[in-house]
Amino acid sequence: MGNPGKTGRPPRLATRFTELVGIEHPVVQEGLGPYKVVALAAAVSNAGGLGTISIPGISEEPAAGARKLRAYIEEACTLTERPLAVNVPVGADKTGAVLPFSAAYIGAVVEAVRDAQIARRLRVITTSAGPPGLARALIEGAGLIHTHKVGGTRQALRAEAEGVDAVIASGYEAGGHTHARPVSTFILGASVAEAVTVPVVLAGGIRDGRGLAAALALGADAVAMGTRFVASHDNTDWNPAYGQRIIDAREGEDVVFPAIYGPSRALPSEGLSELLRMVDAGEKDESKLTRFKDERLIRGQRDGDMEQGLLPAGQVSGAIRELVSVADFLPGIVAEAISVLENVQRGVVR
Ligand SMILES: Cc1cc2nc3c(=O)[nH]c(=O)nc-3n(C[C@H](O)[C@H](O)[C@H](O)COP(=O)(O)O)c2cc1C
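About the thresholds
Every chain's residues receive numbers from 1 upward, in the order its sequence appears when written. Since the coordinates come from a predicted model, pLDDT governs what is reported: local features require at least 70, and pairs of side-chain atoms require 80 or more to be given and counted, while whole-chain, interface and lining totals use all residues. Where each domain starts and ends follows an automatic or database-derived domain assignment. Two residues form a contact once the distance between their C-beta atoms, set from the backbone, is within 7 Å. Note on conventions: DSSP H or I runs of at least 4 residues are helices, E runs of at least 2 residues are strands, and numbering of each starts at the N terminus. Residue polarity is assigned by list, with Asp, Glu, Lys and Arg as charged and Ala, Val, Leu, Ile, Met, Phe, Trp, Tyr, Cys and Pro as nonpolar; anything else, Gly included, falls into the polar class. We call a residue exposed when 12 or fewer other C-beta atoms sit within 10 Å of its C-beta, buried when the count reaches 20 or more, and partly exposed for counts in between; the C-beta positions come from the backbone. For two strands to be treated as a pair, DSSP must find no fewer than two bridges joining them. Handedness of a crossover: with both strands directed away from the viewer, a clockwise path from the first strand across the helix to the second marks it as right-handed.

The next point concerns the domain arrangement of the protein. How big an interface is tends to be expressed through the accessible area that disappears when the partners come together. Taken domain by domain, the protein consists of domain 1 (16–236 + 320–339) and domain 2 (242–312). A straight line from the C-alpha centre of domain 1 to that of domain 2 covers 22 Å. On the side of domain 2, 20 residues touch domain 1, which itself brings 24 residues to the contact. Among the secondary structure elements, those contributing two or more residues to the side of domain 1 that touches domain 2 are β7 (176–177) and α10 (227–230). Partitioning the side of domain 1 that touches domain 2 into residue classes produces eleven nonpolar, eleven polar and two charged.

Take the pairing of strand β6 (residues 166–170) next. Of all the five residues making up β6, five are buried; the element is thus mostly covered by neighbouring parts of the structure. Here β6 shows a buried face lined by A166, I168 and S170 and a second buried face lined by V167 and A169. Two elements, strand β5 (residues 145–150) and β6, share four bridges in a ladder whose sense is parallel. Residue pairing in the sheet places V150 in a bridge with A169 of β6. Chirality of the crossover, the property in question, places the unit of β5, helix α7 (residues 153–161) and β6 among those that are right-handed. In the sheet, β6 pairs with strand β8 (residues 200–203) via four bridges, with the strands oriented parallel. Residue pairing in the sheet places V167 in a bridge with V200 of β8.

Put into structure tokens, the structure is as follows:
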């Protein structure tokens, strides 16, 4: 653990995850698709965490989507010298083959790291949705650290057996795509940390240094946040109305609805009601539903349309009260976590 104050340097928490990725703080800003989050990802990496670039949606024509992702990666690399990640949700068809959009996005990442300037920064690929084994063959040999997001202990064991370098365990309270089996962060963190030997990043409901301290106490090596980072001054690619909506959210206002790869958690909106009416009316055209979702997600993120947009956000939105500046927030939560852990050790509990 770090030693705040004694060296004059900002406090540090070195963990297996910070060592693996080569970052200063055990804090990840996770995938926040589909609109671009390049500025935020670079800000998190510049502040010593790991920022993640997201794919531009799954209804894009694969080659066009891959070009857009490459442009995001190149832009992010102009904004930071530090390690970055890309998140690619991996879907499979009925035969078990990786879906064309996932293959195209992974291909874009693998191609990008052939450029030494990009490879120096783009260190991590985070897969989510389907099992990581599907994507291993496409990723192996590219020199990338492979992390995979899971919502259960069995999935974590499977991801480890399939060769990932770290798992992101995300609890049911998380924003965006959550899991078919509702296991909360508090339970999942300890279970996954007990089960696997690779580093564990815990996500779902974390917003401050107390959450980071709790995650470390449960056996995790880092935390990942989504909703907390959306409500940030550094999320300049998005319309500010989105962050404000998170700040205005009341506890318990978030809802879970059937989404692309399973259930998703969002704040209510007319756009969500419209989607639910389409599903209730028996709309089965998957590509129509997917286009609707991507389009309405982008309307929320890019245009700030809090009525017609879809607004993924975690339970934690009810507890977020202000926008943060990433450059202060990251060292701040590390200092807070260290102080919480030291106070607990000394028996000084408020
Ligand atoms: C607006 C929004 C968009 C998201 N988009 C993605 C995505 O494209 N891919 C993904 O794997 N997870 C996505 N997530 C989930 C996050 O990566 C992360 O797991 C989650 O936000 C963690 O929980 P928290 O919101 O409580 O911090 C999204 C979450 C939010 C809030």
